[in-house]
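Structure at a glance
As a plain string of letters, each chain reads:
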Amino acid sequence: MKKYIAVFDIGTTAVKGVLIDQQARITGEYGVNVDTYYGENGEVEQNPADWWEGMKEITQKWWSELNMEAEQVAAITFTGQMEDVILISPAYPSQRAMLYSDNRFEQEAAYIMERFPNIQAETGNIIRPSTPLAKLLWMKNNKEKMMEKTQCFVFSSKDFGIYKLTNTCVTDPTTAATTGIMNLHTRAWIPEMMETFGFDPNKLPKLRGSEEIVGYVSASAMEETGFLQNTPVLCGSGDAGATAMGAAAVHQGDTYFYLGTTGWTAMVQENVNSNIQGMFHLAHIVPHLTISIAPLLNAGNVHKWAVDTFASEDTDDKNSAFEELVKNASVGSNGIFFLPYIHGERFPVQDADAKGAFWGIGPKTSKKDMARAVMEGICFSYKQLMELIIDAGDKDFLTLMGGGSKSATWCQILADIIGVQVRVPADSEYMPALGISVPAFIQLGWADHYQAVLERFFITAEAKTYEPNMLHHELYEEIYETYLKMYPSLKRIYERR
Ligand code: ADP
């Protein structure tokens with residue numbers, strides 16, 4: 001009997017594969033790490049062949065270690081990183097993909113914005129130095145021959161996985177919304193955007209819904225992966241769409257936040273409100289909805305810096321050692337404030353030159369105060385971001401995902417600072433994979449509509465909850481007023497340099 005949906009989540013650190021059954025239970029979780037190449041000129045790239053090798057390694061484990069049968073796989077679907085530019089080009093098979101974090105294309109972005117100053121009204125977003133259209137323009141100016149010989153461009157690692165299985169070039173509206181080429185309201189490509197800059201619009205992938213069957217496993221892909229030939233392959237969605245679905249965020253105002261290497265708060269909206277500078281607006285998997293994302297550059301990466309800096313060297317588990325330090329410090333960190341902008345910031349302030357800072361150090365300040373101040377500073381930054389986009393007071397709870405949610409102390413500080421219950425879903429790491437299985441449930445006839453799957457398996461799913469301590473919340477409200485003064489005050493110092 002066909003009882004599993006095979007899901008690949010092709011992220012930046014790893015390709016993950018899972019099998020999801022009709023009760024939305026997960027088995028066969030395997031991950032294969034992927035290298036990122038950082039070039040001298042700021043290139044951030046991955047080799048798509050590594051994604052494919054990762055997929056093959058995972059399928060081999062399903063068949064050999066778990067004794068799964070390929071016949072048990074009813075369909076294959078995908079999620080993955082977006083805002084990439086990946087060439088489907090037999091002439092250049094080892095050309096690396098330019099990743100979302102490859103930010104070199106400032107000039108090209110500025111040029112496109114000059115030509116199309118009102119582009120945001122159509123696409124929902126301004127053209128940024130990371131936007132795929134800016135990357136394509138750079139390629140045209142610097143790698144013209146390679147452009148000419150390219151059969152098709154795709155914009156998510158998952159699109160590449162689909163191509164390898166089926167030989168079709170497709171993408172989904174969530175991914176396409178990051179490219180600068182899709183009309184967010186009609187969910188169609190804007191051919192003028194391609195033609196104006198001399199690109200062939202026929203080289204764009206076909207736009208397909210997440211639940212659509214976009215092809216079937218080819219004979220050669222069967223040879224390499226062990227999937228049965230003609231197993232249906234669905235379009236899936238870029239990771240932001242899959243995560244929204246996994247968080248069961250499918251109604252106006254539904255919000256969740258992500259605390260990973262970087263962080264973001266996402267909100268579901270029926271109409272795009274693009275007045276807030278710095279936000280991204282993407283297509284939701286549900287056709288009439290959009291996802292508005294406020295991104296934070298400084299999140300888990302700042303926590304990691306603090307762990308490396310403050311946790312004892314004499315331990316194998318630095319995260320736990322750091323957690324102990326934080327737990328033993330008092331609420332408010334003994335008067336220490338921390339501004340977390342160690343990587344510059346893009347929300348709630350847009351300032352690539354911003355820096356991190358401690359304030360309030362006195363003779364009695366200890367390491368544990370500084371450690372806790374870092375955690376509190378990151379949470380204040382989330383609070384500031386959230387205040388710009390939602391009214392947290394209206395919410396019964398907020399869903400938190402990402403690696404940072406493994407720290408109970410951090411989750412509690414966040415709940416105390418925001419003053420709202422924080423919920424961490426049990427399978428937080430596999431949320432995007434679970435989320436993208438939802439459209440597959442519909443396609444396979446395992447459910448009639450999204451809401452049915454979400455209600456049956458997701459909304460009541462196990463979660464860890466953190467109730468705010470309202471005494472701590474009141475204290476944090478006062479401290480927050482001082483935190484808010486830090487960035488404007490410090491900016492005055494370096495602006496005069
Ligand atoms: P990515 O966004 O790259 O997919 P993750 O969601 O795995 O990454 O999040 C990575 C971050 O999670 C790290 O930078 C770290 O701050 C945090 N993290 C991971 N494990 C723990 C832990 N045990 N305790 C606290 N924080 C953790």
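Calculation rules
- Residues numbered from 1 in each chain as written.
- Predicted model: local features only at pLDDT ≥ 70, side-chain atom pairs only at ≥ 80, totals over all residues.
- Heavy atoms only, no water.
- Domains from an automatic or database assignment.
- Contact = heavy atoms within 4.5 Å.
- Buried area = accessible area lost by both parts, 1.4 Å probe.
- Salt bridge = Lys/Arg side-chain N within 4 Å of Asp/Glu carboxyl O.
- Polar contact = N/O pair within 3.5 Å; in protein donor to acceptor, adjacent residues only side chain to side chain.
- Helix = DSSP H or I, 4+ residues; strand = E, 2+ residues; numbered from the N terminus.
- Pairing = 2+ DSSP bridges.
- Near = heavy atom within 4 Å.
- Areas by Shrake-Rupley, 256 points an atom, 1.4 Å probe, with all protein chains shown as cover.
- Nonpolar A, V, L, I, M, F, W, Y, C, P; charged D, E, K, R; others polar.
- Axes fitted to C-alpha atoms, helices over the stretch in contact; angles between N-to-C directions.
- Parallel < 35°, antiparallel > 145°, perpendicular 65-115°, else oblique.
- Core = buried A, V, L, I, M, F, W, Y, C linked by side-chain atoms within 4.5 Å.
- Buried < 20%, exposed > 50% of the residue type's maximum accessible area, 1.4 Å probe, protein only.

**Things to note about the domain arrangement of the chain**
Interfaces are often described in size by the accessible area the parts lose on coming together. Each assigned domain of the chain is listed with its residue range as follows: domain 1 (4–235) and domain 2 (248–452 + 460–497). Between domain 1 and domain 2, the C-alpha centre-to-centre distance is 28 Å. Between domain 1 and domain 2, the contact holds 36 residues from the first and 29 residues from the second. Between domain 1 and domain 2, the buried area comes to about 2600 Å², and carbon and sulfur atoms account for 68% of it. In this structure, lysine 16 engages glutamate 429 in a salt bridge whose closest nitrogen and oxygen atoms are separated by 3.8 Å. Linking domain 1 with domain 2 are 7 residue pairs in polar contact (both at pLDDT 80 or more), by the criterion used here. Of all the secondary-structure elements, those providing two or more residues to the side of domain 1 that touches domain 2 are β1 (4–10), β2 (14–20), β3 (26–33), β6 (73–80), α3 (119–123) and α7 (173–176). The element that contributes the greatest number of residues to the side of domain 1 that touches domain 2 is β6, accounting for 5 residues.

**Some thoughts on the sheet that holds strand β5 (residues 44–46)**
Spatially, β4-β5-β8 is the arrangement adopted by the 3 strands of the open sheet, whose pairing is antiparallel. The sheet terminates laterally at β4 (37–38) and β8 (97–98), the two strands that pair on one side only. As paired elements, β5 and β8 share 2 bridges and run antiparallel to each other. By the bridge assignment for β8, glutamate 45 is matched with methionine 98.

**A look at the site of the ligand**
Every residue lining the ligand is accounted for by Tyr258, Gly260, Thr261, Gly300, Asn301, His303, Asn319, Gly402, Gly403, Gly404, Lys406 and Ser407. For the ligand, an oxygen atom lies 3.0 Å from a polar atom in the backbone of glycine 300. Within the contact set of the ligand, an oxygen atom lies 3.3 Å away from a backbone nitrogen or oxygen of glycine 404. Contact with the protein chains removes 70% of the 580 Å² of surface that the ligand exposes when unbound. The element contributing the most residues to the shell around the ligand is helix α11 (residues 300–310), with 3 residues. For the shell around the ligand, the class distribution of residues is 1 nonpolar, 10 polar and 1 charged.

**Some thoughts on the packing of α11 against helix α12 (residues 318–328)**
For the pair α11 and α12, the least separation of the axes is 9 Å and the interaxial angle reads 85°. Considered as vectors, α11 and α12 are oriented roughly perpendicular to each other. Residues His303, Ala306, Val307, Asp308 and Phe310 of α11 form the contact with α12, whose participating residues are Lys318, Asn319, Phe322 and Leu325.

**Things to note about the nonpolar core**
Ranked by size, the top nonpolar core spans 76 residues in total, and within it Ile181, Tyr256, Phe441 and Phe458 carry the most contacts. The element that contributes the greatest number of residues to this core is helix α15 (residues 431–443), accounting for 7 residues. Shared between two domains, this core takes at least three residues from each, and those domains are domain 1 (4–235) and domain 2 (248–452 + 460–497). For isoleucine 181, the residues in contact, after removing those within four places along its chain, are Leu133, Leu136, Phe155, Ala188, Trp189, Ile190, Met193, Met194 and Leu204. Judged by nonpolar contacts, the second largest core, of 57 residues, contains Ala306, Phe310, Trp410 and Tyr483.

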